[in-house]
Every structure is written in C-alpha cells, then in structure tokens.
Amino acid sequence: MSLVKIANGTVYDPTNNIDGVVQDIWIQDGKIVAPPTATDVRPDRTLDATGLVVMAGGVDMHAHIAGPKVNLARKMRPEDKRLAPPVRRTPNTRSGTVGSVPSTFATGYLYAGMGYTTVFDAAIPPLAARHAHEEFGDTPIIDKGFFLLFGNNHYVLNQIAANEPERLKAFVGWMLHAAKAYAVKVVNPGGIEVWKGGGDNVHSLDESVEHFNVTPRQIITSLTQTAMDLGLPHPVHIHCNNLGLPGNWNTTLATMQALEGRRAHLTHIQFHSYGGGLGEQSQFCSKTTELADYVNAHPNLTVDVGQVLFGETTSMTGDGPLGYYLHKVTGRKWTNADTEMEAGCGIVPITYREKSFVHALQWAIGLEWYLLVNDPWRIAMSTDHPNGGSFLAYPEIIQLLMDRTYRQEVLKRVPPRVLECSVLKDLDREYSLYEIAIITRAAPARMLGLKHKGHLGIGADGDVAIYTPNANKLDMFALPRYVLKGGVVIVEQGEIREELFGRTLYAATSYDDGVLPDIQKWFEEYYTIQFNNYPVDEHYMTNGSTAVACSNR
Amino acid sequence: MSEAAVMDAETRIVKDATCTFCGCVCDDMELTVVGKRITKAKNACVLGKAWFLNHHIEEHAVATIEGKPATLEEGVERAAQILANARYPIVYGLSDTTCEAQRVAVSIADRVGACVDTTTSVCHGPSGMAFQGVGEVTCTLGEVKNRADLVIFWGGNPAESHPRHWTRYSLMPKGLFVPNGRKGRTAVLVDVRKSKSAAAADIFWQIKPRKDFEVLWALRALVKGVEIDPAIEQETGISLAQMQDLVQRMKSCKFGIIFFGMGLSMTRGKHMNVEAALSLARDLNDYTRFYAKPVRGHGNVTGADNVVAWQTGYPFGVSLGRGYPRFNPGEFTTSDTLARGEADAGLIIASDPAGNFSQPAREHLKKIPYIALDPHESETTRGATVHFCTATYGINTPGTVYRMDDVPIPLRPAFDSPFPSDETVLRAIEKRVRELLRERLTN
Ligand code: SF4
Ligand SMILES: [Zn+2]
C-alpha cells in the first residue's frame, strides 16, 4: 500500500475537461484515486505542487526506440554519439550514449526526464519481435509497445489478392498475438515488396505489385478494415506511399479518400504534404492547407506530425526504397535490411539545415500541421523520432507552438522562399497549456485506445509530470520538477531518483485458429526458422505486461 | 516394469531445438534424449552432431577458487571482490552464451567501469568498422533462400565451417522466386586456396593472397564503367575477362549477395577489404538488388553485438571506465588491453583467450586475477582465480540467440544440468558487486 498526494497543483487534464484548476491528485498503489473522504488519511508522501503545472505523463505514439532497425543505426553511427553528452552511470542507474539514437537505458531515462511515461515503437518486423521485446527489457521506466509491419507481408498480399478477408483477419490477429504487438502498421504499402523484387517503388495507389497482383489501394483498405474488424484499440497506422517526394500530397489525399470514412491514423503527415512535380525539387511547396482541410472535415482521421528540426539526426524507416532515395540524395552511408516475407528497412544519417530551402520548408510544413488542424484531439506531437529529429526536441516544438514571436524569429532565419511556399508566416495561432496537454498526452492516448493513460481521472495510471511554469516553454518542458511513474517519484528536477521498469503493452487479439494449418504450411515453405520458434511468449516481457482489450464486434 | 519400458520412459524427443555450434543457428533439430544424453540429433550437420552427441555432464565442482573446489556462494563472493576492487577490469567473450547472460555481463561491466569486448573483435570486428564507414545492404537468410540467383562466397570455406549454410539457406533450398533451388542459382567462390567448398561452386576464383581489396576495387570500378588495366591479372591472379564476366552477372542477376568470411576481415586490409565488399554490393543497387553479409562463426556472437550495442550504443570494444560508454577498437579491445598490460582483472565468459590470444596478452592474463565461466576446462579456466562450471546454453539452458542475420531464436534445452547457467552466476555476481559498491559509497 502506498498513498501519494500531489497537493495544490494547477491541473491540466483535458480528458476530464480540467483546464488549469487548482486541486489535489491522489495516487494509491500506482493508480489515481478519489481524494479520501475521511480527514485523518495521511499519505505516505506529499508533493507540494503549489504554483506548479500538473499533467498526466506524456505519451509518444510514434517513435523508433527498439528492435533491429534502431540497433543497426546504433551500430552504424559511433560518430553521432561521440558528439553528444553521454548519460553517466550513477549508483542507481546505468550509463548510456545519446545522439540521435540513444542506447536503451538512456532512452528510458531521457523520456522520463522529459515527463514522458509511455512510448510506442512504430515499425517492428514480426520476425524481429523477440528482439524488440528484449530491448524493451533493458529500457527503464517507460511503458512501451510496438506496431507490427503488415503492408508488404506476403501472406497479407496473397489473401487480399484471393479476396479472403476472413483469413486475412485471422492471420493479422494471430500475428499480433504471436509477436505481442499493439497495432497494425502499414509502411509504403506494396512499394517495399516492389523494391525487394528488384523494382524501384510504387508511385500511386493503383499500380499493381508485381507477382502479387494487388494494389496499394487494396492493401490500405483491406488492412484498415481488418484492424476495425479485430476491434483493435488503435486503428490502422499508415505511412503512405511516396514519403518525402515532391508532389506526394496527391497520394496522401488519395489515401485519405480511399479510406471512405473508416477510422485510420496517418503518421508523420509532414513528410507526405509536398506539392510540386513528382520528383521535382524546383516546384517543391507546402500542401498542408489542402490536406488539413480534408482532415478537418473527416473525423475518422487522426494524424501525428513528424516535425523536422534543424540539426543532425538519423533517418530510419521500414520503407526500404526511401532509404535508397535518401542515400542517393545525401550521398551518405546507407544501411538497408530486408526481412524475409515481411518487411524492409533503410537507415541514412541526415542533417537538416536551416539554410536549406527544402529542409526549412519541411520544418515549416510540420508547424503548419499543428496550427491548421482545428481539433487538437486529432493531432499528436511527434518528430517520428529520430527521423525528423530526436524526441528530445519536444520542448522546443512546444515553444514554437505556444510562442508565435519565437516562431517568427526562427522564420526570419530560413531562406525567404520558404515564406512564399507555405502559409506559416500568416498563422497567428498559439497553443494553450491545455492544448499542449492534448497533443502530447490526452490525444495520443485516446488515439491509441489506452483508457488508463493520458489523463488524471480516477482509475488512470499514476503517471504524472509536474512542471515549473516559465515564460520560456522550452525550459519548462525540458526539465520537469517531478515525474511519477505508477505513483513512484522517479525524476526530480531532471535527475533520476529511482530506476524501475515499465510494462509492455500489447493488444489482446483473438483469432480463428482454423486458419493456423494454412499459415503453418505457408510458413514452413518460405521462412528459415521453425513455426514453433516464431511466437514470442510472455517470459520475454520480464517487467510485466498489459494486454489491452479489443472491442468485441 | 520391463527394461524396455524403462528405456521408453526415459527417452524423450525435443523438437525444434536449436544448434548453437555455429552462426547458422539451425533451429530445426530433433533431439532424442535418453536420461542425460542426446543419442540422436536429426537434421544436424557433422559439426552439430558432434556438438550434441558429445555433450555430457562432466564431473566438476560448480566453482573452483585457485584450483580448489568451492561452493557457488564462495565463488561469487571472490568474483565480486575481484571485480569491485579492480581499477581496470575487462569483461570478455560472450559469443557462446545467451543474450540473457550477455545482458547481465554488460551490466556488470557498467557497474565496475570495465572494458567490455566480445570475440567479434578477433573475427568480424573489422566488418563492424567497415559497416560504420559505409553502411551495409543486408537481409535475413530467408531473403536469400527465396530470391537469390547469384550467391558469392568470399574468403571462407562454408562447406566445412558452416555446413548447412548452403543446404538450409543460401544454395540448395527452393524458394518463392527460385523454385528450382540450386539450379536457379549461380554460386561463386573466391578464396586464396582451393578449399572443399570450391567443388560446389559454379565459378571458383583463386586469388593471390592479400589481394582481396584489389580485386573488389577493380570490380567496383568495372561496375561504374571505369577502365581497368589487364595487368590486374598479374597483380591478383584474376583476368580482366573473368572480372568483366562476373560484373555482367552481378549487374544482370535479380538478387545477388556476397557472403564474406574472415578471409576478408582478418587479412591484409581488414576493414578496408570489407568496406570494398560492402561498397560493391551497395553500388550494384543502381542496377538490381544486391546484398553483402559477414558469415559469423560463434553461435551467439551476433547476439553479443546486438546486446552490447543496445546497452552501450557501440557493438564491441567499449570502455565504461569513465562512467559512460566509449568506443575505440585497438584501444579497448581485450587482446589489446591485455597485450599492453593494462587490465588488472577480468571476467571471461565462454571463451579461451589464454589459449588463443597473442603471447604478450596471454602472459599478462596469467598475472592478473580473473573469473572464467565455462562448461568445459580450457587454458583460460585452468588459469582462472575463480572458475564457474556452468550449464551449456541451448543444451541445458533456455534463452535467446541471434542467428548471423540478426534473427533472434529461442532455445529449447534437452535436459537439465547440475550446473547453474551463465545468467544465474552472473546475476549473483552482479548483485554482490552492487552491494560492495554501495558499501564503499556509504563508508
Ligand atoms: S550448420 Fe552450424 S548451426 Fe547448423 S547444425 Fe551445423 S553446426 Fe549446427
Ligand atoms: Zn516512423
């Protein structure tokens, strides 16, 4: 039994419509409880939050923090870490390296140090699910889960081509269960298979994927429907075709339209909002207004941004042909790692320069998205860590959103042509603390279907971030006064006080096991490991797990 | 009960077990286990059969201190004292144990500020450095099985070192886009000697020793359309026409791959040789899909790279001496810290540096206190201050290993061992080390 009282803080809890109300928060055994009615109840610990801002712990719904792609990037880039101050060992905590791809222990401490307590890795190939879980076992403090790559999986493509939706549903349910994954991820549907087969990519929704005779459109709609039919807590999570290419906004819009009202999440939307001729840099421009208008008018859609920030980072993606493209554009070293039957992967170092027209425009487009989506509940903060920049940049994004003077100052430094090609200079909107609480915790938790996260209502997890108000929002959010995980004070003024390990979150899918013999037959023909050695069992979740219920349909 | 029934009761079949003898990590073993012996290892190659069938529980104390039998607790106490009191400890080996054990070993290294290094530094360390230089276009072995129509082995003898590489993954199997298996693939072997593997290759190049870089660089040039002087033949042993033929094949195949061995990474040029191979494969992606991969030796050396990388950010040769990870092969790699006489204590897991390091390194190891974990006796265990006799991974303990293509595979042990696992011993040492360090802080 432990009882914690956070006394007298100014609470921002959008899920429960609390906008800057001074009140106490009570946490018992890791969960938020109602204030005790008896007057003689004494908490085991009281944190005086007088004058401080109290929010639920942050939720990052799209980052790359574990698994083969992330670890390949760590191995490939010693130079990235040499330049960054390391995380030093203390009697209670482990050491680590930072840069754009922190080591596992550093990842946990740094997220927690910023007030984030739940993080999802957005792209794990099922064959490497065990690897992701092992890294999670060495990633302290935060709760975490991952999305599983399906958009180029051969069995998926076969079932779509054969028009077998029930079998597809059973397969996806089984896969999520076997990998202990949280959601269905679609990356460049069909395009990676084309790349792996020796082609370059697909370029539109209706191009056919060689050998499989399916189109990106079919893959998107089938998997979206499958995720809905399985009642997954998070709908399909889509990385559209043509990421990063001038003129790709048409593809993005076509993808949104193809969903025909079905619930879906479009990720790192910034990278998909470019005007201009396909592949032509000269007419590169922002199409955020057009796309945001569509999102505003279609409540079935949610997005996260994938904000670009200036500086050195690493591009890492399940989108193999994109990795090759970036290697060719930047001339820098390139890792490509393809997974049998399932997925691709590309990794390239990248430096976003303030003085580059393209990079500055990407930066502006990300901010346009935050400012042009009217309903903050449908947009989540992300840098697509580390693709647009490190998650450590979130406080800076908050400052850009809350302080338009600061934003205009940065805008003065970028190439003037950016002002002509985007509407950012005309956007006066400033986010309130309440809205920041929405896009950094309440909304991503809701999009993920995590009822016990992102808010401070009774029954929620006792994950709390407490900030010292400051006109400089970067400072305010970079260094919380306290962070609690499950009711335990783990961070005080940026220092880790206690090392504990968060849980792994996965979707509690059910599936029709009548399909297993067919899957097994396919599996044994093409894979190089044994069918029985494929599923990941609970013992990999060494620090506990929570199976999040699917809604019954 | 009749004798036959007793036999029956004791005979068990373990399916989908994993052989950890080489980096192929074949997980399709069907083991027949009678009591505490494996009598049959279906699907295993000759090396795998020897690994399983010769395995037996040796008579040995669980721990020895300075050669005298001791209890596990006494061994742990002494080991923790050695490590906690060292000023420049090393943690080394790790490639023949589970990831679960490797994770604890790196934790110990972090707590005591050790240099942590694995056998990667003496096999494919240069390949890791080349990867840092130019990246790597790589894939899982199933991609090779399902798609590869041109398979090049460079600087290795897979027929004898990785007997099932060809049959299970790279040459023989029928795959999705290679329905005719071996017939649908061209196999090329490049080596300085005509090894047993040569017979199986469609094309065999015997190149002059220490000329790998020159050949690879010439191939790169030809791919890029640069003219090459026919004198290359005198230099390398391979004619320009042969090279042009191979370049033609490489550009026109659907899926090509170079599997390279220590003949590339550990001969003159080392990481430069591997950079040349990785760059060649990368360049070919302007024409087709082309990949390059090291053929890794030890059962879980790939897991060691992964664990050290995810915990510290670097794959091997990491110093934690300043309280955070630093990477410098040549400085923090164990053969070097020992040869220079720097290390003052060691924790050696499943490896035999006393048997196979350089003379100066072996001499220095003899002078310092160190702990060895190994199921078997070796030069290293015999010279150890503390030797823990541990259970054999995969045969006696569960856990995880990474195949040479980074695919993680679970282990299904055949039978229990009276000895503790590496992980168990390391956890006990870690716990005690932390207590000792905490005591020191409060005193
Ligand atoms: S190829 Fe290697 S892993 Fe496979 S059975 Fe032989 S020794 Fe074991
Ligand atoms: Zn992403």
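### Examining the coordination of the zinc ion (ligand 2)
Between any two of four tetrahedral donors, the ideal angle at the metal is 109.5 degrees; between two of six octahedral donors, it is 90 or 180 degrees.
Residue and element names in this part refer to chain A.
Reasoning step 1: Looking at the metal site, the zinc ion (ligand 2) is ligated by His62 (NE2), His64 (NE2) and Asp384 (OD), spaced 2.1 Å from it.
Reasoning step 2: Sequence positions of the residues that donate to the zinc ion (ligand 2) give the spacing H-x1-H-x319-D. Separated by 320 residues along the polypeptide, His64 in the loop between strand S6 (58-63) and helix H1 (68-76) and Asp384 in the loop between strand S18 (379-380) and helix H13 (394-402) bring together distant segments of the chain. The same class applies to His64 and to Asp384, which are both buried.

### Observations regarding the sheet that holds strand S7 (residues 115-118) of chain B
Residues and elements named next belong to chain B.
Reasoning step 1: Pairing in this open sheet of nine strands is mixed, and the strands run S5-S4-S18-S17-S16-S6-S7-S14-S15 from one edge to the other. Edge strands, defined here as strands with exactly one partner in the open sheet, are strand S5 (68-70) and strand S15 (326-327).
Reasoning step 2: In the sheet, strand S14 (residues 318-319) pairs with S15 via two bridges, with the strands oriented antiparallel. Each bridged residue has a counterpart across the sheet, and for Ser319 the counterpart in S15 is Arg326.

### Describing the site of ligand 1
Reasoning step 1: Taken together, Cys19, Phe21, Cys22, Cys24, Val25, Cys26, Met29, Cys45, Leu47, Gly48 and Arg164 of chain B make up the full set of residues adjacent to ligand 1.
Reasoning step 2: Grouping the amino acids of the shell around ligand 1 by side-chain chemistry returns nine nonpolar, one polar and one charged.

### Side note on the environment of Gln520 of chain A
Residue and element names in this part refer to chain A.
Reasoning step 1: Within the secondary structure, Gln520 is located in helix H18 (residues 516-526).
Reasoning step 2: Of the residues examined, Gln520 reaches a relative accessible area of 30% and is grouped as partly exposed.
Reasoning step 3: Separated by 12 residues in the primary sequence, Gln520 and Asn532 place their C-alpha atoms 9.3 Å from one another.

### Here we look at the domain arrangement of chain B
All names here are of chain B.
Reasoning step 1: Partitioning chain B into structural domains gives domain 1 (11-53), domain 2 (63-123 + 299-442) and domain 3 (125-294).
Reasoning step 2: Of note, the centres of domain 1 and domain 3, computed from C-alpha atoms alone, are 31 Å apart.
Reasoning step 3: Across the contact, 11 residues belong to domain 1 and eight residues belong to domain 3.
Reasoning step 4: Together domain 1 and domain 3 conceal approximately 730 Å² of surface at their shared face, both sides included; 60% is due to carbon and sulfur atoms.

### A closer look at the interface of chain A and chain B
Reasoning step 1: Taken together, the 62 residues of chain A in the interface contact 66 residues of chain B.
Reasoning step 2: Counting across the interface, chain A meets chain B through nine salt bridges.
Reasoning step 3: Linking Arg103 of chain B and Asp138 of chain A is a salt bridge whose minimum nitrogen-to-oxygen distance equals 3.0 Å.
Reasoning step 4: Along the contact surface separating chain A from chain B lie 50 residue pairs in polar contact (both at pLDDT 80 or more).
Reasoning step 5: Counting residues per element, the ones that place at least two in the side of chain A that touches chain B are H1, helix H2 (78-82), helix H3 (104-113), helix H4 (129-137), helix H7 (191-196), helix H11 (320-330), strand S16 (335-338) and H18 of chain A.
Reasoning step 6: For the side of chain A that touches chain B, the per-class residue count stands at 19 nonpolar, 24 polar and 19 charged.
Reasoning step 7: Across three bridges, S16 of chain A lies against strand S8 (residues 137-139) of chain B in parallel orientation.

### Considering helix H14 (residues 301-312) of chain B
Structurally, the α-helix is built with 3.6 residues per turn, so residues lying three or four positions apart point the same way.
All names here are of chain B.
Reasoning step 1: The end-to-end C-alpha distance of H14 is 16 Å, a good match for the 16 Å that 12 residues give at a rise of 1.5 Å each.
Reasoning step 2: Counting buried positions along H14 gives 12 out of 12 residues, so the element sits mostly inside the fold.
Reasoning step 3: Of all the positions in H14, only Val301, Thr302, Gly303, Ala304, Asp305, Asn306, Val307, Val308, Ala309, Trp310, Gln311 and Thr312 are classed as buried.
Reasoning step 4: Gly313 sits one or two positions beyond H14 and adopts a positive phi of about 95 degrees.

The rules behind each value
- Residues numbered from 1 in each chain as written.
- Chains lettered and ligands numbered in written order.
- Predicted model: local features only at pLDDT ≥ 70, side-chain atom pairs only at ≥ 80, totals over all residues.
- Heavy atoms only, no water.
- Donors = N, O, S within 2.8 Å, 3.2 Å for Na, K, Ca; no water.
- Helix = DSSP H or I, 4+ residues; strand = E, 2+ residues; numbered from the N terminus.
- Buried < 20%, exposed > 50% of the residue type's maximum accessible area, 1.4 Å probe, protein only.
- Pairing = 2+ DSSP bridges.
- Near = heavy atom within 4 Å.
- Nonpolar A, V, L, I, M, F, W, Y, C, P; charged D, E, K, R; others polar.
- Domains from an automatic or database assignment.
- Contact = heavy atoms within 4.5 Å.
- Buried area = accessible area lost by both parts, 1.4 Å probe.
- Salt bridge = Lys/Arg side-chain N within 4 Å of Asp/Glu carboxyl O.
- Polar contact = N/O pair within 3.5 Å; in protein donor to acceptor, adjacent residues only side chain to side chain.
- Expected span 1.5 Å × (residues − 1).

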